[in-house]
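# A structural walkthrough
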Amino acid sequence: MLKVAKIPYSENEPLAPKSTFKVGGTARLFISPQNPEQFERILAAIRTTELPFFVTGGGSNVVFPDGTYKGVIISTQGIKEIFFDPDDTAADSPDSALVTCQCGVPMAAFVDFCTRKNLTGAEQFAGLPGTVGGAVYMNARCFNRSISDILYSTTHIEFDSKTDKQINLPFNAADWDYKKSPFQKSNGSTVEARYITQATFKLTRAAPATHDQIVANCKKYIAERIDKGHFKYPSAGSVFKNNHKFGAPSGKLIDECGLKGLTIGGAQIAPFHGNFIINIDHASAEDIHKLVNAAQKAVQKKFGFELEPEIIFV
């Protein structure tokens, strides 16, 4: 099917280069659809088999498994068009502009597009790795701003027990929360699975005179990421979600447990940030998993809190 449909694929594909953690073995089959239609066809076909599969974008929040993944990895990075009509605005906001990104658009490309078009609202996401699809799925949050704060609508492929279909979903605040989205698996849902194909964002049109300030703000947020050590080593950024009920960020709790610098194999809880696990020397997925468990157990024992990971182990 893949050859006939001219959909790029490879066998025994190395996975470590596909994630920001630089961890993982190989995938038995790695498929790269180039548009939403190919993506839907691939999902529908795979779901008729018993093969496990995983959909990834930029791999910035993912830990690929060691050894051989005996299923299918589907990469959305080839689905990367941006659509923009300068005359299109949200009905409730005449100063707004709507930018639609397919799921594989890098977040950096989205922010750069907004900057070039003199649209403000996305600056806090400057320097965020990964793709639009992944950021929407995770409801990424940067510098006190969530993706849902600028989201206008989404389009996704939805599967139930009988059919698959593409659905446009207007933004509804009730469906979103801190690092939560309606695309994450939830108990009690009758929908088997939802796969994001594109998202439309509502930005604000800025005056030409403010363009330099938008650029400066993007550079400021990137500089803050650099200062915090986001790019010193391969990592997935924050490993655990924060929880206001804990009274302190997860990284501070881990620090107070004396775990910064703890090393297992080639992975380490970063000496400069308690909520980062970094790949310092050819780390394995198992190394990272052990550090996650060590942090959870230590925080549970000392504070009675259960840390919730935001990274995804495939």
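Attention in this report is confined to the structure presented alongside it. (Residues numbered from 1 in each chain as written. Predicted model: local features only at pLDDT ≥ 70, side-chain atom pairs only at ≥ 80, totals over all residues. Heavy atoms only, no water.)

This part takes up the environment of Phe240. On the secondary structure map, Phe240 appears in the loop between strand E14 (235-238) and helix H6 (250-256). A residue is classified by how much of its surface remains accessible, and Phe240, at 2% relative accessible area, is buried. In this structure, the C-alpha to C-alpha distance between Phe240 and Ser250, residues 10 residues apart in sequence, is 6.5 Å. (Helix = DSSP H or I, 4+ residues; strand = E, 2+ residues; numbered from the N terminus. Buried < 20%, exposed > 50% of the residue type's maximum accessible area, 1.4 Å probe, protein only.)

Moving on to the packing of aromatic side chains. What the rule picks out here adds up to 11 aromatic pairs. Relative to Phe305, the ring of Phe246 lies with its centre 4.3 Å away and its plane at 15°, an arrangement referred to as stacked. Taken together, the residues Phe246 in the loop between E14 and H6 and Phe305 in the loop between helix H7 (285-303) and strand E18 (312-313) connect sequence positions 59 residues apart. Of the residues examined, Phe246 reaches a relative accessible area of 13% and is grouped as buried. Between the aromatic rings of Phe272 and Phe276, the centroid separation amounts to 6.3 Å while the plane-to-plane angle is 85°, which identifies the pairing as edge-to-face. (Phe/Tyr/Trp six-rings, centres within 6.5 Å; stacked < 30°, edge-to-face > 60°.)

Now for helix H5 (residues 211-227). In this model H5 runs 25 Å from its N-terminal to its C-terminal C-alpha over 17 residues, within 8% of the 24 Å that 1.5 Å per residue would give. Within the sequence span of H5, burial applies to Ile214, Cys218, Tyr221 and Arg225. Looking straight down H5, one finds that the buried residues subtend no more than 65° of arc, so they occupy a single side. Across from the buried face of H5, at angles greater than 90 degrees, the exposed residues are Asp212, Lys219 and Asp227. Looking at the buried positions of H5, the neighbouring elements they touch are helix H3 (107-116), strand E8 (119-120) and strand E9 (141-142). Gly229 sits one or two positions beyond H5 and adopts a positive phi of about 85°. (Expected span 1.5 Å × (residues − 1). Arc of directions from axis to C-beta. Contact = heavy atoms within 4.5 Å.)

Keep in mind that these numbers describe shape and distance, not what the molecule does.
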